[in-house]
Number of protein chains: 2
Amino acid sequence: MTDLGIDHDARLPYYEQLKQLIVREIARDSLEPGHLMPSEAEMCARYEVSRTVVRQAVGELVNEGVLQRRRGKGTFVAKPKLSEQFMESTVGFFEDMTSHGHSVLSSVLSVDRVEVVGRARELIGASPGTHCIEIVRLRAVNDEVVAFTKSYIVRDDETMLEQLRGTDLSTASLYRILADQFGLRIDTGHRSIEAVAASGMLSKLLEVGSGEPLLYIESVARNSAGEVIECFLAWHRADRMRIEMNVVRDSRHSAGASLNHG
Amino acid sequence: MTDLGIDHDARLPYYEQLKQLIVREIARDSLEPGHLMPSEAEMCARYEVSRTVVRQAVGELVNEGVLQRRRGKGTFVAKPKLSEQFMESTVGFFEDMTSHGHSVLSSVLSVDRVEVVGRARELIGASPGTHCIEIVRLRAVNDEVVAFTKSYIVRDDETMLEQLRGTDLSTASLYRILADQFGLRIDTGHRSIEAVAASGMLSKLLEVGSGEPLLYIESVARNSAGEVIECFLAWHRADRMRIEMNVVRDSRHSAGASLNHG
C-alpha cells in the first residue's frame, strides 16, 4: 500500500490496504462524524479495486465502529462512542459520565407507583401483585439522547413516591438521592449485557431506525443485607455507547485460567 | 387480567396484561424456541385489543429477548441466551462454557503470521509493520455457531506458529495452551463491549441476517509485567449470548457512590 492507493505487489490483502487508506483519509481530511462516504462504485473507481474488496473493507470498518451504515442513505463516518466504565469502578451512569466531563440531562418521563411485572418482577424476585416505585427516564449525554431506562425502587411507600416526585432527577444521580435522602445504600449488584434490535417505541424515543442494534442492560442492586433495593432495564444507543472494563486474573483459578476467548 | 384474556377493569395497562398473557402461554403450552407466534391481526382478534396494544406488547417482549422478529418471516419464541460470566471470574469463553455443561467446538479458519493492522494494531499499541500470529475461529456452543473471533498473539515467531498449527485448537482453550506450552500467562486485561449491526462476511459466517445486532467485544491481555501478549476482536450472535457480571461497591468511592443508571 502507498499513500496514494493500493499496492498490488504488497503482501497485505487489498481489503486491508483499503481499510487503512479509508482510516487514513478520515484522519487526514479530518472528516467529521456523519460525513457521507463515497459510494461503493465511487470507491471501486477511485482505488481501482473490485466491488468485493470495497464491500469487505467497508463491512469490516462498519463492524469495527469506524463507519456506520444508514439504510437507504449510505455509509457515514461514525461518531466516537462514549465509554461507560461502570464495571471497573461501579460508579453509576451519571457519575461516570460527569466525572469524564460529559453533561447528563435526564428527561423524567414518569415517577409512579406501579405493579411490577415482566422482567422487572423476575429481576427483583417479587411475587405477583407487588408494587414498586417506577422511574422512567430518557437520558441525554452532551445534548444527545443515548439511553432509555426504567428503574424500579423496591418500596411501596407513598411518602417516598411524593418526595421523589418533588425532587429534580434531571441532573442528579438516583442512587445518590436514594442514599442521601432515604438511606438506601447499594452494596452489590448483578448485571447482564445484551444486544437487541430496536423495536417500536424504543426506536422512536432513542431516535434510531427500527431494527438498529441497542445495548440492553439489566441490573439488580442489593444492600449490605443482600436485599434487592432496586433494579433497572436500560437500552443504550449502540452507535453512541460502549462499555469498558478492566479485568484481573481470578485467584480462585489456576495460573493458566483464561480470559474470554482463550 | 384473567387467565382467559384482557381484564378491561384492571389498573394494569392492556399491553402489560397482554405481555403477561403471551409469556404465560409460552410457558403453559411449552412453546419451543423458534415457534411462530400469531400475526398482529390474529392477536388483535384473539385478545380483543387494538393493534397499538399488540405492537407495544410484542415490541417490549422483543426488546426483552422473549420474542424475536425475523424480517419478512414473523415473530418467534426466542431461545434462552447463553450466559457469559467472564467478568465475574475472568475465566475464558471456553472454560466458562464447558464449566456450565456446554460443549464448545471451534472451527479454526486460519493460523497465520500477519502484519497486524486496524483495530488490532491499535489495541496492541504496535508500530506499523509489526507482525503477529493471527488465529481466526468460528466458535459453536452446543453445535450452534455463536461467535467469530480474531485473536492476535504478540509474537513474531515461526516456531510458535508451526507449533500452534500443529495443535488441535478446536476443543481447547487458547489461553491454556499459551500458558502450558509457551509460558505466556495472562494477568490483567481490558475489554470493551459494544452492539453492532452484522455486515457482509460476518452475517454469513454467523448465519444471521444483514443488519441483525451482534455483541462485539474487544480485549487486550497483559502479562504480570504489563506487556500486551494477546488481543482479540469477537463478534457474538446477540440472539444467543448475554454477558453477566456481579459488581460490588467500590471502596474508593463514598458510601453513596452509585451503580449504573443511578
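Just above sits the structure.
Along each chain, residues carry numbers from 1 onward, in the same order as the chain's sequence is written. Here every chain gets a letter starting at A, and every ligand a number starting at 1, in the order they are written. Since the coordinates come from a predicted model, pLDDT governs what is reported: local features require at least 70, and pairs of side-chain atoms require 80 or more to be given and counted, while whole-chain, interface and lining totals use all residues. Excluding hydrogens and water, the side-chain figures rest on all heavy atoms present in the structure.

Engineer: Can you explain the nonpolar core? Please cite residues and give values.
Structural biologist: Grouped together as the largest cluster of nonpolar side chains are 53 residues, with contacts concentrated most on I153, L164 and I193 of chain A together with I153, L164 and I193 of chain B. Put simply, DSSP H or I for four residues or longer makes a helix, DSSP E for two residues or longer makes a strand, and each gets a number counted from the N terminus. If one sorts the elements of this core by residue count, helix α8 (residues 174-182) of chain A sits on top with 5 residues. Remark: nonpolar core denotes a set of buried residues (Ala, Val, Leu, Ile, Met, Phe, Trp, Tyr, Cys) joined through side-chain atoms within 4.5 Å. When a residue's accessible area, from a 1.4 Å probe over protein chains only, is under 20% of the maximum for its type it is buried; when over 50% it is exposed; and in between it is partly exposed.

Engineer: Could you give me a rundown of the packing of helix α1 (residues 14-28) of chain A against helix α2 (residues 40-47) of chain A, with the residues and numbers involved?
Structural biologist: Angle between the axes and distance between the axes: these two values describe a pair of packed helices. Residues and elements named next belong to chain A. Note on geometry: axes are C-alpha line fits, over the in-contact stretch for helices, and angles between N-to-C directions span 0 to 180 degrees. Between α1 and α2, the shortest axis-to-axis distance is 13 Å and the interhelical angle comes to 100°. Taken together, the axes of α1 and α2 lie roughly perpendicular to each other. In this structure, α1 contributes L18, L21, I22 and E25 to the contact, and α2 contributes M43, R46 and Y47. The residue inventory of the contact of α1 with α2, partitioned by class, reads 5 nonpolar, no polar and 2 charged. Every angle not falling under 35 degrees, over 145, or within 65 to 115 is termed oblique; those three ranges are roughly parallel, roughly antiparallel and roughly perpendicular. By the convention used here, residues are in contact when the closest approach between their heavy atoms is within 4.5 Å. Following the grouping adopted for this structure description, the nonpolar residues are Ala, Val, Leu, Ile, Met, Phe, Trp, Tyr, Cys and Pro, the charged ones are Asp, Glu, Lys and Arg, and the polar ones are all others, Gly among them.

Engineer: Explain the pairing of strand β2 (residues 74-77) of chain B residue by residue, including any values.
Structural biologist: Residue and element names in this part refer to chain B. Where strand β1 (residues 67-70) and β2 come together, 4 bridges link them in antiparallel fashion. Each residue of the ladder has a partner; that of R70, found in β2, is G74. Each pair of strands is called paired provided DSSP finds at least two bridges between the two strands. What sits between the antiparallel neighbours β1 and β2 is a turn of 3 residues, in which G72 has the positive phi angle 75°.

Engineer: With reference to specific residues and values, describe unusual backbone geometry.
Structural biologist: Residues and elements named next belong to chain B. Of note in this structure, N142 is not a glycine but carries a positive phi near 50°. One can find N142 in the loop between β5 (131-141) and β6 (144-153). The phi dihedral of D143 is positive, around 65°, even though this residue is not glycine. Relative to the helices and strands, D143 is located in the loop between β5 and β6.

Engineer: Now, about the pattern of salt bridges: what can you tell me, with residues and values included?
Structural biologist: Two side chains of opposite charge can pair, provided their charged atoms sit close to one another. Salt bridges are defined by distance alone: a side-chain nitrogen of Lys or Arg within 4 Å of a carboxyl oxygen of Asp or Glu. On inspection of all chains with the given rule, the structure shows 30 salt bridges over all chains. Here E60 of chain B makes a salt bridge to K150 of chain A, at a shortest N to O gap of 3.6 Å. Remark: K150 of chain A occurs in strand β6 (residues 144-153) and E60 of chain B occurs in helix α3 (residues 51-63); the pair is interchain, linking two chains. The pair formed by E60 of chain B and K150 of chain A is uniform in burial state, with each residue classed as buried.

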